[in-house]
Amino acid sequence: MTIPNSEGFLSDASCLPCTPEEEKETVLSLIKEADANMKDGDLYCLVSFSWWMNWKTYVGFDISNTITENGTHYNNRPGEIDNSKLILEETSNGPTLQRNLQEGSDYTLVPHEVWIKLQEWYKGGPEIARKVISDEVRKTKVVEVYPLWLQLTDERNYSKTTIQISRKATVGELYRTVCSRCGIDEEKAELYDNYLSCRKKLENLDATLEDACLQLDQEILLAEKKSEWNPWPSSSSGMDSTGNSMAVIALEPPTSPISIAGGPSLSNGFSYKGYGANYLQPTSFGSPNRDRDLDRNLDDVYSLGLGSSHGGRKVDDRGLVGLHNLGNTCFMNSALQCLVHTPQLVDYFLKDYTEEINKDNPLGMQGELAMEFGDLLRKLWSGGHTPVAPRNFKAKLARFAPQFSGYNQHDSQELLAFLLDGLHEDLNRVKKKPYIEIGDSDGRPDELFAEECWRNHKARNDSIIVDVCQGQYKSTLVCPVCSKVSVTFDPFMYLSLPLPSTVTRSITVTIFSGYGDGLPMPFTVTVPKAGQAKDLINALATACCLKSSESLLLAEVYEHKIFRYYENPFEALLNTKDEDLIVAYRLPAGHEKLVRLEITHERADGSESEPQYTHYSRKLIGSPLVTCIPPDQTSRADVHAAVATVLKPFVRTEAYPTNGSSSDEKRATVSVDSGPSLDSIVLHDGEGGASTSNSMEIEQDQFMVDINLEEEMIDGPSGQEEEEKKGESSELKYPFILALTDDKGMGKKPMDPENNEKNLFDRGSRFVRLMMDWTEKEMDKYDVSYMDNLPEAFKAGYMSKKTRQEVVTLFSCLDAFLKEEPLGPDDMWYCPKCKEHRQATKKLDLWKLPEILVVHLKRFSYSRYMKNKLDTFVNFPIRNLDLSKYVTPAAACPNPLLYRYELYAVSNHYGGLGGGHYSAYAKVEDGWYDFDDSRVSSVSNEEDVRTSAAYVLFYRRVPLENCDLTVGCDSSPPSEIPIF
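Rules used in this analysis
Residues numbered from 1 in each chain as written. Predicted model: local features only at pLDDT ≥ 70, side-chain atom pairs only at ≥ 80, totals over all residues. Heavy atoms only, no water. 1 Å grid on protein atoms, 1.4 Å probe; cavity = no way out; pocket = protein on both sides within 12 Å on 5 of 7 lines; lining within 4 Å. Points joined across faces, edges and corners; volume = space filled by probe spheres on them. Helix = DSSP H or I, 4+ residues; strand = E, 2+ residues; numbered from the N terminus. Nonpolar A, V, L, I, M, F, W, Y, C, P; charged D, E, K, R; others polar. Buried < 20%, exposed > 50% of the residue type's maximum accessible area, 1.4 Å probe, protein only. Contact = heavy atoms within 4.5 Å. Polar contact = N/O pair within 3.5 Å; in protein donor to acceptor, adjacent residues only side chain to side chain. Patch = residues over 30% accessible without salt bridge, like charges linked within 9 Å, V, L, I, M, F, W, Y side chains within 5 Å. Areas by Shrake-Rupley, 256 points an atom, 1.4 Å probe, with all protein chains shown as cover. Salt bridge = Lys/Arg side-chain N within 4 Å of Asp/Glu carboxyl O. Lys, Arg positive; Asp, Glu negative; His and termini not counted. Charge placed at Lys NZ, Arg CZ, Asp CG, Glu CD. Pairing = 2+ DSSP bridges. Axes fitted to C-alpha atoms, helices over the stretch in contact; angles between N-to-C directions. Parallel < 35°, antiparallel > 145°, perpendicular 65-115°, else oblique. Phe/Tyr/Trp six-rings, centres within 6.5 Å; stacked < 30°, edge-to-face > 60°. Lys NZ or Arg CZ within 6 Å of the ring centre and 35° of its normal. Disulfide = S-S within 2.5 Å.

In this structure, the second largest pocket encloses a volume near 1600 Å³. The wall of the second largest pocket is formed by 39 residues, among which Ala530, Glu821, Pro822, Gly824 and Lys858 lie closest to the centre. Broken down by secondary-structure element, the contributors of at least two residues to the lining of the second largest pocket are strand 18 (495–498), helix 14 (533–543), helix 20 (810–818), strand 30 (821–822), strand 33 (841–848), strand 35 (860–862) and strand 36 (867–869). Along the lines of polarity and charge, the residues of the lining of the second largest pocket split into 17 nonpolar, nine polar and 13 charged.

Attention shifts here to the environment of Asp154. Tracing the chain through its elements places Asp154 in strand 9 (residues 148–154). The class for Asp154 is buried, based on a relative accessible area of 3%. The sequence separation of Asp154 and Leu191 amounts to 37 residues, and the corresponding C-alpha distance is 9.6 Å. For Asp154, the contacting residues outside a window of four places in its chain are Ser159, Cys182 and Leu222. In terms of polar contacts, Asp154 uses its side chain to reach the side chain of Arg156, at 2.7 Å.

Once that is clear, we can look at a negative patch on the surface. There is a patch of like negative charges on the surface, built from Asp185, Glu186, Glu187 and Glu224. Along the chain, Glu187 turns up in the loop between helix 5 (171–182) and strand 11 (189–193).

This next bit is on the sheet that holds strand 28 (residues 767–774). Note on sheets: strands pair through backbone hydrogen bonds, and any given pair is parallel or antiparallel. Judged by pairing direction, the sheet is mixed, and its five strands sit side by side in the order 25-24-28-26-27 without closing on themselves. Each edge of the open sheet is held by one strand with a lone partner, namely strand 25 (618–629) and strand 27 (749–750). The sheet contact formed by strand 24 (residues 595–604) and strand 28 spans eight bridges and is parallel. Pairing of Arg596 across the sheet is with Phe767, part of strand 28. Across the face of the sheet, helix 15 (residues 636–647) comes into contact with strand 24, strand 25, strand 26 (737–740) and strand 28 while running at roughly 105° to strand 25.

Below, the discussion takes up the packing of helix 10 (residues 391–400) against helix 11 (residues 412–426). Axis separation between helix 10 and helix 11 bottoms out at 12 Å; the angle between their running directions is 85°. Viewed along their axes, helix 10 and helix 11 adopt a mutual orientation that is roughly perpendicular. Across from Phe393, Leu397 and Phe400 in helix 10, the residues of helix 11 making contact are Leu415, Phe418 and Leu419. For the contact of helix 10 with helix 11, the residue count by class is six nonpolar, no polar and no charged.

Turning our eyes to something else, we now look at the environment of Asp193. Residue placement: Asp193 occurs in strand 11. Remark: the alpha-carbon pair of Asp193 and Leu150, spanning 43 residues in sequence, is separated by 10.0 Å. A polar side-chain atom of Asp193 sits 2.4 Å from a polar atom in the side chain of Gln218.

Let us look at the pattern of salt bridges. Applying the stated criterion to the full structure yields 34 salt bridges. Where Lys39 meets Asp42, a salt bridge forms, and the shortest distance between an N and an O atom there is 3.1 Å. The exposure class assigned to Asp42 is buried, which follows from its relative accessible area of 18%. Here Lys160 and Glu219 are joined by a salt bridge, their closest N and O atoms 3.8 Å apart. Taken together, the residues Lys160 in strand 10 (residues 159–165) and Glu219 in strand 13 (residues 219–224) connect sequence positions 59 residues apart. Put simply, Glu356, Arg429, Lys458, Asp462 and Asp467 are held in one network by salt bridges that share partners.

Most of helix 7 (residues 330–340) is tucked away, with eleven of its eleven residues classed as buried. Taken together, the buried positions of helix 7 are occupied by Cys330, Phe331, Met332, Asn333, Ser334, Ala335, Leu336, Gln337, Cys338, Leu339 and Val340.

Once that is clear, we can look at the sheet that holds strand 19 (residues 504–513). Ordered in space as 20-19-23-21-22, the five strands form an open sheet in which the pairing is mixed. Strand pairing shows two members of the sheet lacking a second neighbour, strand 20 (521–528) and strand 22 (561–565), which therefore form its edges. The average undirected angle you get between the axes of adjacent strands in this sheet is 45°. Bridge analysis of strand 19 against strand 23 (residues 581–588) gives five bridges, and the strand direction is parallel. By the bridge assignment for strand 23, Phe512 is matched with Tyr585. The strands touched by helix 14 within the sheet are strand 19, strand 20, strand 21 (550–558) and strand 23, with strand 20 carrying the most contacts at an inclination of about 130°.

A word on the packing of aromatic side chains. Taken as a whole and assessed by the stated rule, the structure comprises 20 aromatic pairs. Aromatic pair Phe489 and Trp847: ring centres 5.0 Å apart, planes at 75°, arrangement edge-to-face. Residue Phe489 is found in strand 17 (residues 485–492), and its partner Trp847 is found in strand 33; the two are separated by 358 residues along the sequence. There is no split in this pair, since Phe489 and Trp847 are both buried. Look at Phe860 and Tyr951: their rings are 5.0 Å apart centre to centre, the planes differ by 70°, and that puts the pair in the edge-to-face class. In this pair, Phe860 sits in strand 35 while Tyr951 sits in strand 43 (residues 950–957), placing the two residues 91 residues apart along the sequence. The exposure classification of Phe860 matches that of Tyr951, with both residues buried. Three or more aromatic residues joined by ring pairs make a cluster, and in this case those are Tyr348, Phe349, Tyr353 and Phe373. The residue whose ring lies beneath Arg564 is Tyr566, and the NZ or CZ to ring-centre distance is 4.4 Å. Taking NZ or CZ as reference, Arg596 lies 4.8 Å from the ring centre of Phe767, over its face.

This part is about the state of the cysteines. Applying the stated criterion across every chain, the model contains zero disulfides. In this structure Cys182 is a free cysteine whose sulfur lies 7.6 Å from that of Cys179, the closest cysteine sulfur available.

Moving on to the side chain of Ser134. Following the sequence through the fold, Ser134 ends up in strand 7 (residues 129–135). Ser134 gets classed as buried once you look at its relative accessible area, which sits at 16%. A polar contact of 2.7 Å, which involves the side chain of Ser134, links it to the side chain of Asp40. Of the polar contacts made by the side chain of Ser134, one reaches the side chain of Lys141; its length is 2.8 Å. Those residues in contact with Ser134 that lie beyond four places of it in its chain are Asp40, Thr140, Lys141 and Lys168.

This brings us to unusual backbone geometry. Put simply, Gly125 and Pro126 share a cis peptide bond, and its omega is 0°. Located in the positive-phi region is Lys123, a residue other than glycine, with phi close to 65°. With respect to the helices and strands, Lys123 occurs in the loop between helix 4 (112–122) and strand 6 (124–125). Despite not being glycine, Gln366 shows a phi value in the positive range, around 55°. For Gln366, the position within the fold is in the loop between helix 8 (343–349) and helix 9 (368–380).

This part is about the side chain of His341. With respect to the element layout, His341 can be found in the loop between helix 7 and helix 8. Since its relative accessible area comes to 5%, His341 is described here as buried. A polar contact of 2.7 Å, which involves the side chain of His341, links it to the backbone oxygen of Gln337. Residues within four places of His341 in sequence aside, it is in contact with Gly319, Val346, Trp381, Tyr904, Ala922, Val924 and Phe931.

This is how it looks when you write it as structure tokens:
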């Protein structure tokens, strides 16, 4: 294989020891070996994700993204490894990582052996090595990317330092590390956990720091053991040096963002204090834990005079207790408040449920999650209103679900799904699950088959969660070829409903002409939200009246350069963000057989006026232009003619001189008024490949005639020798300053002024990038403003605000969820009759509804490149939600009143992704309350819980004795549509 020319891109320190394929095979072999033999203590290194992706592209790691149609690689060899953006600071203990890093977007992990090879090939760095540790619960190995950072205060001299240590280290190891750092004998040292200024001695030397619930960036205290007689009061006694009580106010813990094998996100931007005055009695069920000690200490703090007002009223009822935000844990607090206010779960966990704990379930968490949840629920329902810090629960959660470790902001619905499933497995009454083969309906009535499926499900899954939270739906698949019908009945824990307004989206694209026959024109089209690039191209073709002899080439422009082309017609439009700048170029159909010219523009920056091929003194302007030329007409004159043609629409009207032009303005220049036209290009398939019509040759001849005519006007009579004319042709001044460049706009190579007739590019080249240097002359002649200020793919404006006010009902969401639709191309169904994968149609029907119905409104959409949130207001019923018409079959319904529900809790999400905030509404007895982390306040009007922030809705079945037969379904829109 020919190695791409890397001249100008490699530093002197870099080397090129082997081909891309050899590098790829070496790395794959090392990764495979390391993963197969992974053990505690092995080293893995962090590598900049952008650099890693460039390397993967270079070596062909992902064929679909790196190889063009003719088999060539897109990217050149990457430069030195640059991990500088991952580093916060360099310390004596090595680099300190930034606190907002995510695996898969900021960094990737490679075995240390791979790092050695990469560093040998590419140099750079710095090296960031992390150790492998064991996850005993999940029986797997993880890389501890973020070790535990503890803020140590030495009470002997009040000096402060930072300790970095593995969370799997023991308390005894922490003692040894601290004593070594501070120069004190272990026998004389005492360490205290000082979380939230609540002092607790660390005594169990064999416990891990994770089990001791030490949190990232929290304070620990080092004290020297004192003699039994101590005339000075302890600092933890709440007295100052004069003997007076100290009014200490406990603050929220810092929003520290460190986790195992993952990274933190930015703070959610909210900081709240907790309020309260009543003593929270510890529960008698379960073993004492450190949260109870913390709550007692917090109670002592609050009882020193801090008020207990919540929204203007005193809150002292059971179930009205807030949860401290431990740092981006509002998502967890919101989900927990909804669950702990579920009536059936409250009744269950306030009783003795120990007999139902399943410690042997391999799919469970040995009962630990259920015990911790039950303990937390009891504390929240024990009376009083001192906020609870759910540290133990979060620690358990992180052990069993590492994706929720650290201090990232997460999705409350994803946490709810994990909690419901985890509680079910921990409380599963089935100790040994029987093997049951899933059968087919075999033509049996749906009622019989549905009941059989439910019995089979209950034979393996039987818990309080199944009893109250699980329902059943019918799924029907129909093969589009043989009409084979497949019916299954599956359980569900919640319903994830799409918002109807998420089905389509509007995208604005600016269309440029590659023919030079018109100015750029923006078009806004509507496409399926889950559509593909071909859907966008088809919509644009209709909007701009594209001819059958033309085609559109889509591209994304970023910082005045083409960032990428949409060359894969099946590329998902979810990858296109609202703020992206999307353009399309009208080119001849079959333009792939021509040479594509991509023209980027730059001009002098600041006081620079003379064109110089230096990168630092130039700045990019406008938007790139794209046109095509035949592969056999690539001389310098051909290129200038093509550029002149595509620039024609931008000529200022005053740029054309009148008949009174002076002869001084006439120079021997290439005419820009008659370059080759793409309209004259006729492409056809055949042995000769692409060809052109005679009109292309005629226009090219006319182009050269214009040059000769201008020469004669300057040089006088035409009786000069042909040889002199040929010699003078080398002195022609071409109209533009053009240079060959690469995809980054670097390494510009000026066109050879002596090279006019010869082809400028290789015969096989089909893609050429040019940099055009704009002088004052071009700026005066062409109006570059038409190339600037491209519209974004979607810009929120009047129409979007109007759409946001339109009402979407919960029933329209249900209709969209239950609508028959074809499966996506990536979700094909294997037809047992055709023996092939088919794009079948799928239809869902609700068959059995649970006592507690959890409804998830799908406001978020995720893809590799973007995350979006929809703030559409959904009008959902608060009372008398009637779902009887959605249950199939309606005739089997023993009583339609069994399908009436009332709302009792809502998980809300405010703001955007990454910087948003979660809270919860919950109904306690006859009143609604707002649970905003540690703050609890009453809601004066129940209609206030119906907002555009509603994300997860919790409904409970209305008991028959409480059904109001005179009230219909609460589905009508409010009298005034709120604007959000």
